[in-house]
Number of protein chains: 2
Amino acid sequence: MLLQSIPIKVNLTHLKESCTSCSLHELCLPFGMRLDDVELLDKITANRKCRRGERLYHSGEPFQSLYVIKSGFFKVFDLDEEGKEKIVGFYMPGEILGMEAINKNRFHYNAVAMEDAAVCETPFGALEKLSHTIPALSHQFHKLMSREIMQEHEHILLLGTMRAPQRVAAFLLNLSRRFAARGYSPTHFYLRMTREEIGNYLGLTLETISRLFAKFHEDGLISVHSRDIEIRDLAGLQKLLEHPA
Amino acid sequence: MLLQSIPIKVNLTHLKESCTSCSLHELCLPFGMRLDDVELLDKITANRKCRRGERLYHSGEPFQSLYVIKSGFFKVFDLDEEGKEKIVGFYMPGEILGMEAINKNRFHYNAVAMEDAAVCETPFGALEKLSHTIPALSHQFHKLMSREIMQEHEHILLLGTMRAPQRVAAFLLNLSRRFAARGYSPTHFYLRMTREEIGNYLGLTLETISRLFAKFHEDGLISVHSRDIEIRDLAGLQKLLEHPA
DNA sequence: CGATCGGTTGAAGACCTTCAAAAGCAGTGG
DNA sequence: CCACTGCTTTTGAAGGTCTTCAACCGATCG
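Basis of the calculations
Residues numbered from 1 in each chain as written. Chains lettered and ligands numbered in written order. Predicted model: local features only at pLDDT ≥ 70, side-chain atom pairs only at ≥ 80, totals over all residues. Heavy atoms only, no water. Least-squares fit on C-alpha atoms with pLDDT ≥ 70 in both. Contact = heavy atoms within 4.5 Å. Pairing = 2+ DSSP bridges. Helix = DSSP H or I, 4+ residues; strand = E, 2+ residues; numbered from the N terminus. Axes fitted to C-alpha atoms, helices over the stretch in contact; angles between N-to-C directions. Domains from an automatic or database assignment. Buried area = accessible area lost by both parts, 1.4 Å probe. Salt bridge = Lys/Arg side-chain N within 4 Å of Asp/Glu carboxyl O. Phe/Tyr/Trp six-rings, centres within 6.5 Å; stacked < 30°, edge-to-face > 60°. Lys NZ or Arg CZ within 6 Å of the ring centre and 35° of its normal. Polar contact = N/O pair within 3.5 Å; in protein donor to acceptor, adjacent residues only side chain to side chain.

## A closer look at the relation of the copies chain B and chain A
Relative to chain A, chain B is turned by 180° and slid 0.0 Å along the rotation axis, the superposed coordinates differing by an RMSD of 0.0 Å. When the rotation and shift are considered jointly, the pair of chain copies conforms to a two-fold rotation axis. Every residue of chain B has its C-alpha some distance from the rotation axis, and the shortest such distance is that of His 132 of chain B, at 2.2 Å. A share of 100% of the interface residues of chain B reappears at the interface of chain A, consistent with the copies meeting face to face through the same patch.

Written out as structure tokens, the structure is:
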């Protein structure tokens, strides 16, 4: 019953807009740039759509462009010898895909859209060239790469030091914070990923995720109906992180 | 007995050398730059020494400079509310410290020298300015940030998907590869960190590390004498990663 | 309408942690 | 030089957390 109440805000009418009018402006590359410079950035970016399940790039593929997500969710994963997925991250609008590929000029992971999505494709060579003449662009790009490093450090800490309930709580709080930063409700959202994918990402099994969602529900921390999540006690979830109950 | 046979190569005579003659050239920022440009980079970097146990930077401290390690090992860690260390990484010569601080202009972690060390201190503002006129510098810097992101993705996969024996094997192989890239023996090295620090980093306890070192020793994969490690069967260790025995 | 996929729930057991004791080693000061 | 102290490491035994295995349910889809 709750599914209908949470529109998945893929605003396709905005897809042809320029960076200058993009709602993700503040999170993205143009942040801090002069308007005429933003137009230069606009010129080198192309729009691309991705259907649910479609691959944006493959592991091993030569690296040409970075992708900034305009709408939709992506998962980034590795495939082991046996073809099993190992998820390294979930990405949402305003976040950049492909930064780990700069080093070897080749993608090392796979990025797949978890729902119909739109991205800005920005050729990396052109971006670097442009950034030499626009200090604000260069600086913002460095900040975004730095943010990625920070976020991964946090996930390393999660995996390295937290027990299962803390991991799940941290995961929900992380989603909450990122939704909030994008103007969505921090307490009521729809999960784009399966229990298995969450478990994979958190170093747990799908059964553990299911059990902990049920327990959090019982404890009044959240309300779960399949993939619809409502956080009922944000402070309680946060407390869980500090005091490994 | 083996300790003496492994000189810890902290070549202090090189400390005052310029980037142009630095042995880490290939791993570091100047890679791919013209000689006269390297001299410009040289001008903005300062040398700094760190005694064993000394803090290079604190969490919360304003971010001014990146640090490139010339000699010595560093650990980077967070402190939780109770003051317990949570290690996010070990860094060795040629690697850059502080990149996660660019985003918020403030350090988020602590970096401590695990043995007497020397670093190049490079003011980030000056580095950005310089990189606008030296495309090779800009590009190499992007590659190094990208490498950091890649390495963290790998560690996330390690923590998220591997059992204890695989984690320890992967840790040893990772050190081996990084030592090799710096001209040291890939099969015989001295651990700068305690069992507790290794466990902390790998999401395990010090006892588990100790037990697995003993088991690997019994199985003929390695030879351990306190912190002196000799890898006796590199292929065997690698096989362990693929087939979670 | 059977098949498939995602999710829930229970029971058994593996893996790793926790607790504990003791030995090794390094540095310090008498 | 040796004893003392503190830190690191080893090793054993017990216990907990999470996984594995398995059965079942509901929704979706050709």
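## A few points about the sheet that holds strand β2 (residues 55-57) of chain B
All names here are of chain B. Taking strand neighbours across the sheet as the criterion, the four strands line up as β2-β7-β4-β5 in an open arrangement whose pairing is antiparallel. Looking at strand neighbours, the two that pair on one side only are β2 and β5 (85-91), the edges of this open sheet. The sheet shows a mean angle of 30° between the axes of neighbouring strands, taken without regard to direction. Pairing of strand β4 (residues 74-79) with strand β7 (residues 110-113), which is carried by four bridges, proceeds in the antiparallel orientation. Its bridge partner lying in β7, Val 76 is registered against Ala 111.

## Thoughts on the domain arrangement of chain A
Residues and elements named next belong to chain A. Annotation of chain A at the domain level lists domain 1 (8-137) and domain 2 (162-242). Measuring from the centre of the C-alpha atoms in domain 1 to the corresponding centre in domain 2 gives 26 Å. Taken residue by residue, the interface counts 18 residues in domain 1 and 15 residues in domain 2. Between domain 1 and domain 2, the buried area comes to about 1,500 Å², and carbon and sulfur atoms account for 61% of it. Put simply, domain 1 and domain 2 have four salt bridges between them.

## Comments concerning the packing of aromatic side chains
A full pass over the atoms with the stated rule returns 22 aromatic pairs over all chains. Ring centres 5.6 Å apart and planes at 50° place the aromatic pair Phe 63 of chain B and Phe 124 of chain B in the tilted group. Here the residue Phe 63 of chain B occupies a position in the loop between β2 and β3 (65-71), and Phe 124 of chain B occupies one in helix α2 (residues 124-133), the gap between them amounting to 61 residues. Following the ring pairs from residue to residue traces out a cluster consisting of Tyr 57, Phe 63, Tyr 67, Phe 107, Phe 124 and Phe 141 of chain A. When the ring centre of Phe 77 of chain A is taken as origin, the NZ or CZ atom of Lys 75 of chain A, which lies over that ring, is 5.4 Å away.

## A look at the interface of chain B and chain A
Tallying the contact residues gives 40 residues for chain B and 40 residues for chain A. Counting the surface lost from both chain B and chain A, the interface buries some 3,900 Å², and carbon and sulfur atoms represent 63% of this. Its largest share of buried area at the contact with chain A, chain B owes to His 132, His 153 and Ile 156 of chain B, together 16% of the area lost on that side. Our enumeration of links across chain B and chain A arrives at zero salt bridges. At the boundary of chain B and chain A, one finds 17 residue pairs in polar contact (both at pLDDT 80 or more). Listed by contribution, the elements that provide at least two residues to the side of chain B that touches chain A are β5, α2 and α3 (135-161) of chain B. Looking at the side of chain B that touches chain A, the element that brings in the most residues is α3 of chain B, giving 21 residues.

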